[in-house]
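Architecture and fold: a report
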2 protein chains.
Amino acid sequence: MPTSQLEPAKTSAASNARVGAVVGRDLTPVTYYPVPMQRQFFANQAAIGTKPYAEFFHPDLTVPIAWAKALQRGPLSPEQALSPSVADINQVLDPSRRFPDAGYAVLEEGPCAYTQSRIEMAGVTTDMFRWWFLWHPIEKERYSLWFPWAHVDNYVEDPARLADTSLSYEQRLYGNPNHVEEFVGPSSLKLIMHFTEPTELGLDAAVLRRAGITASASATIRVADAPEITFMFMLHLARDTDRGLELFSRYWIGAHPEFKRFPGGADGPALLKKMGMDRHSLETLAYEMAVHDMTEFNHLATILPAVHRAFGH
Amino acid sequence: MPTSQLEPAKTSAASNARVGAVVGRDLTPVTYYPVPMQRQFFANQAAIGTKPYAEFFHPDLTVPIAWAKALQRGPLSPEQALSPSVADINQVLDPSRRFPDAGYAVLEEGPCAYTQSRIEMAGVTTDMFRWWFLWHPIEKERYSLWFPWAHVDNYVEDPARLADTSLSYEQRLYGNPNHVEEFVGPSSLKLIMHFTEPTELGLDAAVLRRAGITASASATIRVADAPEITFMFMLHLARDTDRGLELFSRYWIGAHPEFKRFPGGADGPALLKKMGMDRHSLETLAYEMAVHDMTEFNHLATILPAVHRAFGH
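What counts, and where the lines are drawn
Throughout this description, residue numbers start from 1 for each chain and increase along the sequence as written. In the order they appear in the text, chains get letters beginning with A and ligands get numbers beginning with 1. Per-residue local features are limited, in this predicted model, to residues with pLDDT of at least 70; the limit for side-chain atom pairs, both in listing and counting, is 80 or more; totals at the level of whole chains, interfaces and linings are taken over all residues. By convention in this description, side-chain values take in all heavy atoms of the structure and omit both hydrogens and water. Residue contacts follow a heavy-atom distance rule, with two residues in contact if any of their heavy atoms lie within 4.5 Å. One side-chain nitrogen of Lys or Arg within 4 Å of one carboxyl oxygen of Asp or Glu is enough to make a salt bridge. Pairs of N or O atoms within 3.5 Å make up the polar contacts considered here, provided that, within protein, one atom can donate a hydrogen while the other can accept it, and that residues adjacent in sequence are counted only when both atoms are side-chain atoms. The secondary structure listing takes helices from DSSP runs of H or I that are at least 4 residues long and strands from runs of E that are at least 2 residues long, numbered from the N terminus. A pocket here means an open set of points on a 1 Å grid, computed over the protein atoms alone, that has protein on both sides within 12 Å along at least five of seven lines. A cavity is instead a set of points where a 1.4 Å probe fits but cannot get out; residues with an atom within 4 Å of a point line either one. Grid points are joined across faces, edges and corners, and a volume is the space filled by probe spheres set on the points. Ten residue types, Ala, Val, Leu, Ile, Met, Phe, Trp, Tyr, Cys and Pro, are classed as nonpolar, four, Asp, Glu, Lys and Arg, as charged, and the remainder, Gly among them, as polar.

1. Thoughts on the interface of chain A and chain B
Each side of the interface is counted separately: chain A has 56 residues, and chain B has 57 residues. Counting the contacts that link chain A with chain B gives 6 salt bridges. Applying the counting rule to chain A against chain B returns 22 residue pairs in polar contact (both at pLDDT 80 or more). Of all the secondary-structure elements, those providing two or more residues to the side of chain A that touches chain B are β2 (27-29), α1 (35-48), α2 (65-72), β4 (102-107), β12 (244-254) and α11 (279-311) of chain A.

2. Re the side chain of Q72 of chain B
Along the chain, the position of Q72 of chain B falls in helix α2 (residues 65-72). One polar contact links the side chain of Q72 of chain B to the main-chain carbonyl oxygen of T31 of chain A, over a distance of 3.2 Å. Residues in contact with Q72 of chain B, not counting those within four places in the same chain, are V30, T31, Y32, Y33, Q38 and W149 of chain A together with Y287 of chain B.

3. Here we look at empty space enclosed by the protein
According to the stated counting rule, one finds 10 cavities of 30 Å³ or more in the structure shown. Approximately 170 Å³ is the volume attributed to the largest cavity. W146, E182, M193, M234 and E296 of chain B are, among the 22 residues lining the largest cavity, the residues nearest its centre. Mapped by element, the contributors of at least two residues to the lining of the largest cavity are α5 (140-146), β6 (151-156), β7 (178-184), β8 (187-195), β11 (232-241), β12 (244-254) and α10 (279-311) of chain B. In terms of residue class, the lining of the largest cavity is built from 15 nonpolar, 5 polar and 2 charged. Volume-wise, the second largest cavity comes out at about 140 Å³. Of all the secondary-structure elements, those providing two or more residues to the lining of the second largest cavity are α5 (140-146), β6 (151-156), β7 (178-184), β8 (187-195), β11 (232-241) and α11 of chain A. Among the residues making up the lining of the second largest cavity, the classes are represented as 10 nonpolar, 5 polar and 2 charged.

Take a look at the structure:
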């Protein structure tokens, strides 16, 4: 009979292209990608071709063992899951609160899918983080570096403004909607991300200052088929620490009474109904979002320092 | 801010309950379980309670890195995928053919989901393998040991006959349909497995003898909602080697012209249509079946020697 073709894959850990690291966690290969992601990977691999950053396109992604296991142990208990209210979102940065580093849940109100994470990226700074959000939406192939199996397309409405280095981060990104297509689990989502000043989303300036947050990529998000309705709310709040960049992320997807402070946020329940989504499908979406977030941010940690060194000038 | 709660999980590799091993492969934790499997895991954990074999119920399953990666690289090419014809199934054991050790595909004829695997289990014998198929269907909690996240229920129509040690393996298992409920991906399937003498399924007695096959758990399978229609065909053919048990597995799911030799096998296309399944959903089912097979047989390899030592008398 044939001998095994299942030889251990060669590690690229020694590759110069992956000098970043995730602080204090044992990493393990991702063992599962849905079939549509497998097709997308091959499409992305073909598209990246001779792009100058092709060396940063990696098939072999790793995640912390303990993070993957934490997500497998079912949803968070209700008291661990925050609502998207102004009061709750300011607790994300409250040093007296202790949140699990990774988790998912469904909020009964809405209903609403909920995902949370915290990651420390060694060798990454908030400067690099802001640079990444201005650099990657210029070409979809750049976006594919971040999650080669799940990222499909990405462009902003005014790419010239996004690329204008004479302007600030806020001037380049805000009011410049980001059209994203990506797989979250086996389903691809077409989203329009409205990145916004975090204080306009309900975060308190004093809370941000005390926590030392110096970068944000936070947004209200609409699905492309219903661009008038806020369907999703996302926080990415980052600070520099002596261990590297620390990123706090939260995602709320679906409907929630607190979405009423955002454009079209009151129409979420009707949109959920139209999409045929219920509490069960939102619970699965919350877990898939958590797996997606775990995979893409742990991977970004490994490539961002080197990508920034090569193209950040 | 809180320190990480994501500590590395304690390994149970040193546990006496897991003395088995998979030959020549680097193992890695499974990083993904669909939400319905997470719920099933907790239900199974509660159910196993004080069963005498509860020590063999493990949450932390591992699979070979290279096997998981082989399945992520898209479907097999058509020439690597066998049909369920009599000519093709005898090629499974043809020493001149070289098949990938793990793979999935969709056969255009039918259409039909297709999954294949080969595994070597150190410390496992064909005697243990046959014993396992007679011992585990007596209680659903025994079945849950095999795949604690995905196995729901299992019983045979005549448990007294299955347990009658005065009879042969064939007398105990054949003609004694096995009612199984299990998750394959996020969907639970209720199946009726008709384990059958492999020569009755089309395997040549001389081919089996030459290959040294001394155990089989091969079956035609119906879904519980359509018990007259053969919807699935499964081969598990095992032999003893100096490295341990070598198992050749094949699964065909859906419809195929060659299913006509099995009861109700001509009605597969109508059943597929009624179930709303097409080529795309069958491709996903083939991958999910491959992930399921990879997980359960690599795990069985780690527990079977000890479970057999404790209960095989």
